[in-house]
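Each chain is listed here by its residues.
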Amino acid sequence: MRYLSTRNNKIDLTSAQAIAKGLSDDGGLFCPESIPAMQAGDIEMLCKTDYQGRTQYVFDKFLTDFTADEIANLAKNAYGEKFDTKEIAPVVKTGDTEFILELFRGPTCAFKDMALQMLPHLMTASLAKTNEQRTACILVATSGDTGKAALEGFADVPQTKIMVFYPENGVSDVQKLQMATQKGANVSVCAIDGNFDDAQSAVKVIFSDDEIAKKLDAEGLFLSSANSINWGRLVPQIIYYISAYCDMVNAGEIAIGDAINVCVPTGNFGNILAAYFAKNMGINIGKLICASNSNNVLTDFFKKDGEYDKNREFFLTNSPSMDILISSNLERLLFIASEYNSEFVCDMMNSLKTDGKYKVPAEIFSKIGTDFDAGFCDEKETNATIAEYLEKTGYLLDTHTAVAVKVYKDYKEATGDTTKTVIASTASPFKFADSVLSAIGEEISENGLENLDLLAKRTNLAAPKSLAELKDLEVRFTKSIKKETILDEALTLINL
Ligand SMILES: *Cc1c(COP(=O)(O)O)cnc(C)c1O
């Protein structure tokens, strides 16, 4: 399997090269040249194996330059004791047609762990495989969850340094503290006075700067990415959709071949794109339902036949990991829908850069339009959903997952579709304890950590250990900078 740049399909790399590099020099994302198909009998076989076995299956299809032994080690090392359940990504039934896929059972309590517990192992293996002697400087723009998950994954990993930039006013108290207390000799964390799109755009500029690349190279360094623009982030996310399908077969909820829907709380479009890959590999997924908060640029994209327009008000919401107006991974979907036409993708991305918008021609949009449905909900509806769900089902949702639950409810009412639906749950409610407490009508404390205790008392649930421990950890990073100075700061942190 070869990997092409979405902005230059003549660039053609192995998976190890694509993962080590992160982003293509032309600013494009690496994308497999085709989507491998599952064979008859594969799902049956996967039903009988565990999460590690399902990982091996997916990696075998996409990482064809890795040996079976290497892949087996990756699966074992990434998906082990750091997760608080042996199933890694369990499926919980909450209604007749409703199933919550819990993707937050890793060390930082957000679904980013599903990929970022794997990426450092993939990166180390890829550096060795490509004979890369230089140190990878991992530059991360985060809306909160990626930062901590990447820090946790890469801390003290040899031959890597990691630098994280997050929006000062765009993350929860718990998220901020999780990052500020990160241990490890190769890590740094810095706040910026902008939003996630500012951080992501700055990081992308640094990546496509030849001068910087040369300077770094002279010092035995190179830049790489742990954002979902890195293919190594995407590929582990395909696993859990296949795994969820198998778990539903095993639970007798569906028979092999039956359709399910998938509903995903979406920001950068990575998680739902992984579901699109699972569907096109051969998992029978009817609709991919894209759920947004008030930053509903993707809802409009799907409802308005491929018109993407980021010229709109940006909202800070209580589902901050979805406060995004430039969904990077949509670029991979456009590349696939256009049959790997990089000129077309360049046109769209140039138009996005200059006008803040683009329109996908009907003949291309028709290839994807029917796969997806989309909806959004505002903060008020998010809060009402959390309260209602707790009362009706006894299940406590976080703010992001609540957005998806509400959008699914609207979808079901509007269409009458009763296909069993997997709703991706992307964070532990304790990670957003203040928002969740106010959603269920409780007083919140000024001190973010006290809210963990308050939420635990109110719901009789225990806060995850890694969050409960935060109050005892030393704060290491407090710096905040102007967004215009990210480049200088990054170079300083790298020691250039
Ligand atoms: C990152 C994140 C999302 C958005 O996922 P994308 O892959 O960027 O679409 C949703 N919810 C939570 C809690 C997240 O951390």
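Just above, that's the structure.
Residues numbered from 1 in each chain as written. Predicted model: local features only at pLDDT ≥ 70, side-chain atom pairs only at ≥ 80, totals over all residues. Heavy atoms only, no water.

**Student:** So what's going on with the overall build of the protein? Residues and values would help.
**Tutor:** Helix and strand counts for the protein come out as 22 helices and 16 strands. A globule of 496 residues ought to have a C-alpha radius of gyration of about 23 Å, and the protein, at 21 Å, matches this closely. The principal-axis extents of the C-alpha atoms in the protein amount to approximately 60 × 55 × 50 Å. Taking all 496 residues of the protein together, 61% fall into the buried category. (Helix = DSSP H or I, 4+ residues; strand = E, 2+ residues; numbered from the N terminus. Rg over C-alpha atoms; globule rule 2.2 N^0.38 Å. Buried < 20%, exposed > 50% of the residue type's maximum accessible area, 1.4 Å probe, protein only.)

**Student:** How would you summarise empty space enclosed by the protein if you had to cite specific residues and measurements?
**Tutor:** Overall, the coordinates contain 2 cavities of 30 Å³ or more when judged by the stated rule. Together, 26 residues line the largest cavity, and Phe111, Lys112, Gly267, Asn268 and Ser321 are the ones closest to its centre. When residues of the lining of the largest cavity are traced back to their parent elements, those giving at least two are α7 (145-154), α11 (231-250) and α12 (270-281). Here the lining of the largest cavity takes 3 residues from α12, the largest share from any one element. For the lining of the largest cavity, the residue count by class is 9 nonpolar, 14 polar and 3 charged. (1 Å grid on protein atoms, 1.4 Å probe; cavity = no way out; pocket = protein on both sides within 12 Å on 5 of 7 lines; lining within 4 Å. Points joined across faces, edges and corners; volume = space filled by probe spheres on them. Nonpolar A, V, L, I, M, F, W, Y, C, P; charged D, E, K, R; others polar.)

**Student:** Outline the sheet that holds strand β10 (residues 260-265), listing residues and values.
**Tutor:** A sheet is described by the order of its strands in space; here 6 strands give the open sequence β4-β5-β15-β10-β11-β14, paired in mixed fashion. Two strands bound the open sheet, and with one partner strand each, they are β4 (91-93) and β14 (372-376). Shown here is a sheet whose adjacent strand axes are inclined to one another by a mean of 25 degrees, direction ignored. In the packing of helix α18 (residues 399-415) onto the sheet, contacts are made with β5 (98-102), β10, β11 (285-292), β14 and β15 (421-425), and the angle to β11 comes to roughly 125 degrees. (Pairing = 2+ DSSP bridges. Axes fitted to C-alpha atoms, helices over the stretch in contact; angles between N-to-C directions. Contact = heavy atoms within 4.5 Å.)

**Student:** I'd like to hear about the pairing of strand β2 (residues 8-13), residue by residue, with values.
**Tutor:** Of the pairings in the sheet, the one linking strand β1 (residues 3-5) to β2 comprises 3 bridges and is antiparallel in character. If you follow Tyr3 over to β2, its bridge partner there is Leu13. If you look at the hairpin formed by β1 and β2, you'll find 2 residues sitting between the two strands.

**Student:** Got a sec to walk through the layout of surface pockets? Specific residues and values, please.
**Tutor:** A volume near 600 Å³ is recorded for the largest pocket. Taken together, 23 residues line the largest pocket, and the ones lying closest to its centre are Arg7, Lys204, Met349, Leu352 and Lys353. Taken together, the elements giving at least two residues each to the lining of the largest pocket come down to α9 (196-207), α14 (330-337) and α15 (342-355). Split by residue class, the lining of the largest pocket holds 8 nonpolar, 8 polar and 7 charged. In this structure, the second largest pocket encloses a volume near 410 Å³. Along the wall of the second largest pocket there are 23 residues; nearest its centre are Asp84, Phe104, Arg105, Ser428 and Pro464. Counted by class, the lining of the second largest pocket contains 12 nonpolar, 5 polar and 6 charged residues.

**Student:** Before we move on, can you summarise the site of the ligand with the specific residues and values?
**Tutor:** Near the ligand you find 15 residues, and of these Lys112, Asp145, Gly267, Asn268 and Thr426 are the closest. Note that an oxygen atom of the ligand is positioned 2.8 Å from one of the backbone N or O atoms of Gly267. Surface burial for the ligand is 98%, taken as the share of its 380 Å² of free accessible area covered by protein chains. The pocket occupied by the ligand, as judged from atoms lying within 2 Å of grid points, is the largest cavity. Looking at the shell around the ligand residue by residue, the class counts come to 5 nonpolar, 8 polar and 2 charged. (Near = heavy atom within 4 Å. Polar contact = N/O pair within 3.5 Å; in protein donor to acceptor, adjacent residues only side chain to side chain. Areas by Shrake-Rupley, 256 points an atom, 1.4 Å probe, with all protein chains shown as cover. Sits in = over half its atoms within 2 Å of the grid points.)

In short, the description is geometric, and any link to function would need to be established separately.
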